[in-house]
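# Structural overview
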Amino acid sequence: MHPNIINSIRSMKIKDSCKGTQVYALNQSADGGCGGGSVGEKLFHHLQHHSKSQTGRSKPVGNLRGSTCDAVLEALLPCGFPSTKLLEPVIESSLKPVDFVETLAGVRRRIENCEQLQKSDAFLEQCAVFRGLPDPSLFRRSLRLAQRNTANVHFKVVLASWLRYERREDELVGSSSMDCRIRKLECPKASLVPGYDPELEFDRCSCFLRDIIVDYDSDEECSTSNEDDDGGGGGAVSDLCFCIGDSEIRCRRYSMAALSRPFETMLYGGFVECRREKINFSRNGVSVEVMMAAEVFSRNKRLNLSKFPPSVVLEMLSFANKFCCDEMKSACDAHLAYLVRDMDEAVLLIEYGLEETAYLLVAACVQVFLRELPGSMQRSIVMRLFCSPEGRDRLAMAGHVSFVLYYFLSQVAMEEDVKSNTTMMLLERLGECAVEGWQKQLAYHQLGVVMLERKEYKDAQHWFEAAVEAGHIYSSVGVARAKYKLGHTYSAYKMMNSLISDYKPVGWMYQERSLYCTGKEKMVDLVSATELDPTLTFPYKYRAVSLLEDNKFGAAISEINKVIGFKVSPDCLELRAWFLISMEEYEGALRDVRAILTLDPNYMMFHGNMRGDHLVELLRPVAQRWSQADCWMQLYDRWSSVDDIGSLAVVHKMLENDPRKSILHFRQSLLLLRLNSQKAAMRSLRLARNHSSSAHERLVYEGWILYDTGHREEALAKAEESISIQRSFEAFFLKAYALADSNLDSESSKYVIILLEEALKCPSDGLRKGQIVKS
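Please read all numbers here as calculations on a predicted model, not as lab measurements.

Within the secondary structure, asparagine 609 sits in the loop between strand S4 (604–605) and strand S5 (610–611). When its relative accessible area of 32% is taken as the criterion, asparagine 609 is described as partly exposed. Among the polar contacts listed, one links the side chain of asparagine 609 to the backbone oxygen of phenylalanine 606, at a separation of 3.0 Å.

Structure below.
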């Protein structure tokens, strides 16, 4: 690019950049221009293609040698330029107390002082407080404790499904949503058994030996040996006969009367049937098979329902509901719940369960829907059931509406698409279920966040104000932001100023107030925000972009590097890549974009105007080309020098050439864990597991998934199983790592050292073995 053009770009101020006049410099050709054979021209063709895809047409380019640079700039205009006027701090969607320590201590006191069966609700509140922290293990631990301390089937189903969702096992090839994970805590069958089990988290599950219902021998169901062909309880003991069409079902009057109050009234009350030995039941919509089953159940109070097809059991359920036969209804309900094993069965049976208010059957169907999230929300019947007010009412009739259900559903929906109608409707249901103060705070605040994202600012202000009224002070940030979006900047400033005066100041207060200030006052607030909370990224980003607008490129990168040095996030890496492109440092920009795509494969660059993977395509022609061998050398150098972002970029490039290489996905996960990006690390681990070529390797990756989600014992079992198949470095390392994650005595510590020594004896590369030697 011509030097004059570069100088003109770097001299642009904020007013111009807001008009979308940012450009990305190209490497100069040998003659100082943008000649036809230069790298710049190659990039231009990529950019021109991008422009066509964005606008649907291309503008005439003219002479390449004279106008290529201008065309390149024009092609990138839709991507804009980093501008301080376009930067805003993110409003977090989770609970954010002013005094986190005091809030957490208060929750802990409630956990210690409440009754045993109330602890689950208290642990759920603890989950909500931990949700906003960067370490997800704290949230998962509280979730397990909430599950462990509940006796309610509905809560067990929801919490067990949520724990499974945290591992995203739906992404594991060959995995079924109804798989049992060894422990009772997440077993789908154990979740349908009511009652409190203090050892739930630790007991190994034996669901393959246990059914919800108990089968009985057929001879136990017959009390006489003189039954006729119709299956009635004939002989001398029969004193009543129900007639259905041409069939007669002989019964004991006393036993049938004991089924329910309606039968007792009919057979021993003042009705004409109490004096008859034959009762015509043809007009009651009851089949012969159901009446025969009811007769057997009346005598034994149990029935081998496995001998009946599901259609008959469903009819028995309706019969039991119609005549208030509670024991029979419970037996049919439990049996049908046991039959629900997949999505198709759940979709088919949920309507029957809701119609007959069958508690366990509905629980089993809901469990399948929850364990298939987020895919199950694509089913219209599931969406209507969970999202609509009518669906909520039907679930409530069956005893399956709760705050925790909609808390789980809304979190999944927000992860998928925070602006969607589904997310909004689920949060509305969440607000309807909110009873306690913290529940209202969370529901109303999240509704405010969603409305703000949807640019429905008046509704956003309403919900944020409701959250503030419920006691969530942080929602004042949302109120101020909504006012600012509606044009009331001074009102927003006064509100934040009052907040700083009324409460002990914290970083986010100054950060938000800075949005409504100008000049030195803004910078002072940003400095205060950083001093009070150095983890806030917005102040670093604002200062960096401000320096860029003053043509201080090096200082801008130094500023953004401060936060990247201890907190790696896609938005900060994006800014640095933006800066590097403008400085023609394409290699560094490509490194950062690859790291971004590792953290979030669907990330949109430049204010959401360009896909990250498309930017990689644009930058690849001007970056250095490496063979796979070169990549391994680069990875070794960067890993050894603890350049985690550089290592991520190299692995990303290697996976482009070999996307099914499980060891590369595994290496990626290790780097991401080192950067405290557990969500992305789990995704890489799942890919490693899915692409593993051997059973022992797959077991190791499954073990790491279990370990990283808090299942240490299960991880150990996977490691031992892997070693039994084939001794490997990774299996021994996993076993040693999992064992070391506990209070070890001297003997256990020696055993861990022995395991690490065994690992060193197995084949592996210097990078992994070096980790053991250093430790």
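Before going further, it helps to spend a moment on the pattern of salt bridges. If you walk through the whole model with that rule in mind, you get 40 salt bridges. Linking glutamate 248 and lysine 278 is a salt bridge whose minimum nitrogen-to-oxygen distance equals 3.0 Å. Of this pair, glutamate 248 sits in strand S2 (residues 247–251) while lysine 278 sits in strand S3 (residues 278–280), and the two are 30 residues apart along the sequence. Notably, a salt bridge pairs glutamate 351 with arginine 394, separated by 3.1 Å at the nearest N-O pair. Here glutamate 351 is found in helix H14 (residues 343–355), whereas its partner arginine 394 is found in helix H17 (residues 389–397), with 43 residues between them in sequence. Judged by its relative accessible area of 35%, glutamate 351 falls in the partly exposed class.

It is worth spelling out the sheet that holds S2 at this point. One open sheet accounts for three strands, arranged S2-S1-S3; its pairing is mixed. In this open sheet, the two strands that pair with only one neighbour each are S2 and S3. Within the sheet, the average angular offset between the axes of one strand and its neighbour, ignoring direction, is 25°. Two elements, strand S1 (residues 240–244) and S3, share three bridges in a ladder whose sense is parallel. Note on S3: the bridge partner recorded for phenylalanine 242 is isoleucine 279.

This part covers helix H10 (residues 261–268). At 3.6 residues per turn, the α-helix brings residues three or four places apart onto the same side. Of the residues making up H10, those classed as buried are Phe263, Met266 and Leu267. Buried residues of H10 fall within an arc of 85° about the axis and therefore sit on the same side. Turning to H10, the residues buried within the fold contact S1, helix H9 (253–257), S3 and helix H12 (310–322).

Moving on, we come to the nonpolar core. Core analysis: the biggest nonpolar cluster contains 109 residues, and Phe242, Phe263, Phe281, Phe319, Met328, Leu370 and Phe386 have the highest contact counts within it. Residues within four places of leucine 370 in sequence aside, it is in contact with Val157, Val158, Ser161, Phe386, Leu405, Phe408 and Leu409. If you look at the next biggest cluster of nonpolar residues, it comprises 88 residues, including Ala595, Leu619, Phe666 and Leu734.

Low pLDDT marks stretches whose predicted atomic positions should not be read closely. In the predicted model, the chain carries a mean pLDDT of 83, and 82% of its residues have values of at least 70. For the chain, helix H2 (residues 14–17) is the element with the lowest average pLDDT, namely 34, and helix H21 (residues 457–469) is the one with the highest, namely 98. Note on residues 50–78: pLDDT is under 50 here. Beyond four places in sequence and across chains, it has 48 contacts. Taken as a whole, residues 208–236 scores under 50 in pLDDT and shows 50 contacts with residues more than four places along the chain or in a different chain.

This part takes up the packing of helix H24 (residues 507–514) against helix H25 (residues 519–532). Contact geometry for H24 and H25: axes closest at 8 Å, N-to-C directions at 160°. Here H25 runs roughly antiparallel to H24, going by the angle between their axes. Handedness of the H24/H25 crossing: left-handed. Counting all contacts with H24, which are made through Gly507, Tyr510, Gln511, Arg513 and Ser514, the residues of H25 involved are Lys522, Asp525, Leu526, Ser528, Ala529 and Leu532. In the contact of H24 with H25, the residues fall into four nonpolar, four polar and three charged.

Criteria and thresholds
Residues numbered from 1 in each chain as written. Predicted model: local features only at pLDDT ≥ 70, side-chain atom pairs only at ≥ 80, totals over all residues. Heavy atoms only, no water. Helix = DSSP H or I, 4+ residues; strand = E, 2+ residues; numbered from the N terminus. Buried < 20%, exposed > 50% of the residue type's maximum accessible area, 1.4 Å probe, protein only. Polar contact = N/O pair within 3.5 Å; in protein donor to acceptor, adjacent residues only side chain to side chain. Salt bridge = Lys/Arg side-chain N within 4 Å of Asp/Glu carboxyl O. Pairing = 2+ DSSP bridges. Axes fitted to C-alpha atoms, helices over the stretch in contact; angles between N-to-C directions. Arc of directions from axis to C-beta. Contact = heavy atoms within 4.5 Å. Core = buried A, V, L, I, M, F, W, Y, C linked by side-chain atoms within 4.5 Å. pLDDT = per-residue confidence, 0-100. Parallel < 35°, antiparallel > 145°, perpendicular 65-115°, else oblique. Left-handed = near helix turned anticlockwise from the far one by under 90°. Nonpolar A, V, L, I, M, F, W, Y, C, P; charged D, E, K, R; others polar.

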